[in-house]
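Structure assessment
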Amino acid sequence: MIHKKTKDGKYTLRTATPADAEQMEVVQRICFPTLASHELLTKAHFANHIRVFPEGQFVITDCDKVIASSSTLRITFPKLDHTFMEVTDNLWITNSHIPNGEWLYQFDIGVLPAYRGQKLSTELYNTQQELVKSLDMKGQILVGMTIGYARYKDQFSIETYCEKLKNNELTDPTITPQRKAGFEWVQPIYHYLDDPTAGNCSVLMVWPLDGVSFQEYIE
């Protein structure tokens, strides 16, 4: 289990406990105000994630306040057109988590607005990569929401927005930092979740360990 200070020494990054579940729900609702209600994670969901895969759930705290969290499960490499509800077993992960799965799939991450800009998401990604190494897995997978599309939805389609992101012609508050952290672009999933402001879209990305290739899974 993880328990350490963030790089600047200001906060604590640690493995989540059942006592954190209620505050993790608060972070979720603040960070994803436009996500459909049936896709929002609740205290009960977070508590179950901690029960099913305890070493894969993380929080960052400021004193006793949860200011950021991330949730993961282990899987085999997913089909490219999967949805959020499919991969999370309708948010519970009970039946979708594979104990010996070779890939760590991050299905949720959130940082409270007042604490953004301090690279706390990157600290969570790096901690997850350490977990990948310790469990002898192949790498991390995430599907980042195209949050920035809300600014451009009246100008062009979500398909065009994603193409511009891929070519670094635009930046996105979620996708761009994830790519800078180490995740490699695979492809958009245009009906991944229910959030019209994000074009109902997210981008599948992979961060393999050194020497690991994911190309065989997408050809």
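It should be noted that the structure appears before, not after, this text.
Position numbers for residues start from 1 in each chain and track the written sequence from start to end. Since the coordinates come from a predicted model, pLDDT governs what is reported: local features require at least 70, and pairs of side-chain atoms require 80 or more to be given and counted, while whole-chain, interface and lining totals use all residues. Calculated side-chain values reflect all of the structure's heavy atoms, with hydrogen atoms and water omitted.

Overview of the overall build of the protein
Rule in force here: Here a helix means four or more residues in a row that DSSP labels H or I, a strand means two or more in a row labelled E, and each is numbered from the N terminus. Here the globule rule is a power law, 2.2 Å times the number of residues to the power 0.38, and the radius of gyration is based on C-alpha atoms.
Scanning the protein from terminus to terminus reveals six helices and eight strands. Secondary structure elements in the protein, listed N-terminal to C-terminal, are β-β-α-α-β-β-α-β-α-β-α-α-β-β. For 219 residues, the compact-globule estimate of 2.2 N^0.38 gives 17 Å, and the C-alpha radius of gyration of the protein, at 16 Å, lies within 12% of that figure. Taken along its principal axes, the extent of the C-alpha atoms in the protein is 45 × 40 × 35 Å.

Focus: the sheet that holds strand 8 (residues 202-208)
Short version of the rule: Pairing between strands requires that DSSP locate at least two bridges from one strand to the other. Here an axis means a line fitted to C-alpha atoms, over the contact stretch when the element is a helix, while the angle between two N-to-C directions is reported on a 0 to 180 degree scale.
Ordered by their spatial adjacency, eight strands build an open sheet running 1-2-3-4-5-6-8-7, and the pairing between neighbours is mixed. Each end of this open sheet is capped by a strand with a single partner; those strands are strand 1 (3-5) and strand 7 (184-189). Strand-to-strand, the axes of this sheet are offset by a mean angle of 25 degrees, without reference to chain direction.

A closer look at the environment of Leu 13
Under the convention used in this document: Buried, partly exposed and exposed residues are distinguished by accessible area as a fraction of the type maximum, computed with a 1.4 Å probe on protein chains only: under 20%, between the cut-offs, and over 50%, respectively. Two residues qualify as a contact provided that any one of their heavy atoms is within 4.5 Å of a heavy atom in the partner residue.
Looking at the element boundaries, Leu 13 is found in strand 2 (residues 12-15). Judged by its relative accessible area of 0%, Leu 13 is buried. C-alpha separation for the pair Leu 13 and Gly 139, spaced 126 residues apart in sequence, amounts to 20 Å. Residue contacts for Leu 13: discarding those within four places in its chain leaves Ile 2, His 3, Lys 4, Thr 6, Phe 58, Val 59, Ile 60, Glu 123, Leu 124 and Thr 127.

Regarding the pairing of strand 2
Every regular strand shows the same layout, with side chains that alternate between the two sheet faces. Across three bridges, strand 1 lies against strand 2 in antiparallel orientation. Within strand 2, the residue paired with Lys 5 across the bridge is Thr 12. Counted along the chain from strand 1 to the antiparallel partner strand 2, the turn is six residues long, and its residue Gly 9 has a positive phi close to 80 degrees. Where strand 2 meets strand 3 (residues 57-62), four bridges bridge the pair, whose relative direction is antiparallel. In the sheet register, Leu 13 faces strand 3, and the bridge partner there is Ile 60.

Focus: unusual backbone geometry
In this structure, Asn 90 takes a positive phi of about 55 degrees despite not being glycine. Structurally, Asn 90 is set in the loop between helix 3 (84-87) and strand 5 (103-111). Classification of Asn 90 by relative accessible area gives partly exposed; the value is 45%. The backbone of Asn 200 shows a phi angle near 55 degrees, a positive value even though the residue is not glycine. Note on placement: Asn 200 falls in the loop between strand 7 and strand 8.

Notes on the packing of helix 1 (residues 21-31) against helix 2 (residues 43-52)
Heads up, the condition is: Any angle that falls under 35 degrees is termed roughly parallel, while one over 145 is termed roughly antiparallel, one within 65 to 115 roughly perpendicular, and all others oblique. By definition, any crossing whose near helix is turned counterclockwise from its far helix by less than a right angle is left-handed, and any crossing with a clockwise turn is right-handed. Polarity classes work like this: nonpolar for Ala, Val, Leu, Ile, Met, Phe, Trp, Tyr, Cys and Pro, charged for Asp, Glu, Lys and Arg, and polar for all others, with Gly in that last group.
Orientation of helix 1 relative to helix 2, taken along the N-to-C sense of each, is 120 degrees, at an axis distance of 8 Å. Comparing their axes, helix 2 and helix 1 come out oblique. As for the relative orientation of helix 1 and helix 2, their crossing is right-handed in sense. In this structure, helix 1 uses Ala 21, Glu 22, Met 24, Glu 25 and Gln 28 to contact helix 2, whose residues at the interface are Lys 43, Phe 46, Ala 47 and Ile 50. Across the contact of helix 1 with helix 2, the residue classes break down as five nonpolar, one polar and three charged.

Observations regarding the nonpolar core
Soluble, globular proteins show a tendency: their nonpolar side chains are buried together. Note the cut-off: Residues belong to a common nonpolar core when they are buried Ala, Val, Leu, Ile, Met, Phe, Trp, Tyr or Cys residues joined through side-chain atoms within 4.5 Å.
Formed by 71 residues in total, the largest nonpolar core has its most connected members in Ile 60, Tyr 105, Ile 141, Tyr 161 and Tyr 192. The biggest single contributor to this core is strand 5, with six residues. If near-sequence neighbours (up to four positions away) are discounted, Ile 141 is found in contact with Ile 75, Phe 77, Pro 78, Trp 103, Leu 104, Tyr 105, Gln 106, Leu 204, Met 205 and Val 206.

What about the environment of His 97?
Spelled out, the test is: Identification of polar contacts relies on pairs of N or O atoms within 3.5 Å, with a donor-acceptor requirement for protein atoms, meaning one able to donate a hydrogen and the other able to accept it, and with residues adjacent in sequence counted only if both atoms are side-chain atoms.
Relative to the helices and strands, His 97 is located in the loop between helix 3 and strand 5. Spatially, the C-alpha atoms of His 97 and Phe 32 are 23 Å apart, while their sequence positions differ by 65 residues. When near neighbours in sequence (up to four residues on either side) are disregarded, His 97 contacts Val 52, Phe 53, Leu 73 and Arg 74. Engagement of the side chain of His 97 in a polar contact is seen with the backbone nitrogen of Arg 74, the distance being 3.1 Å.

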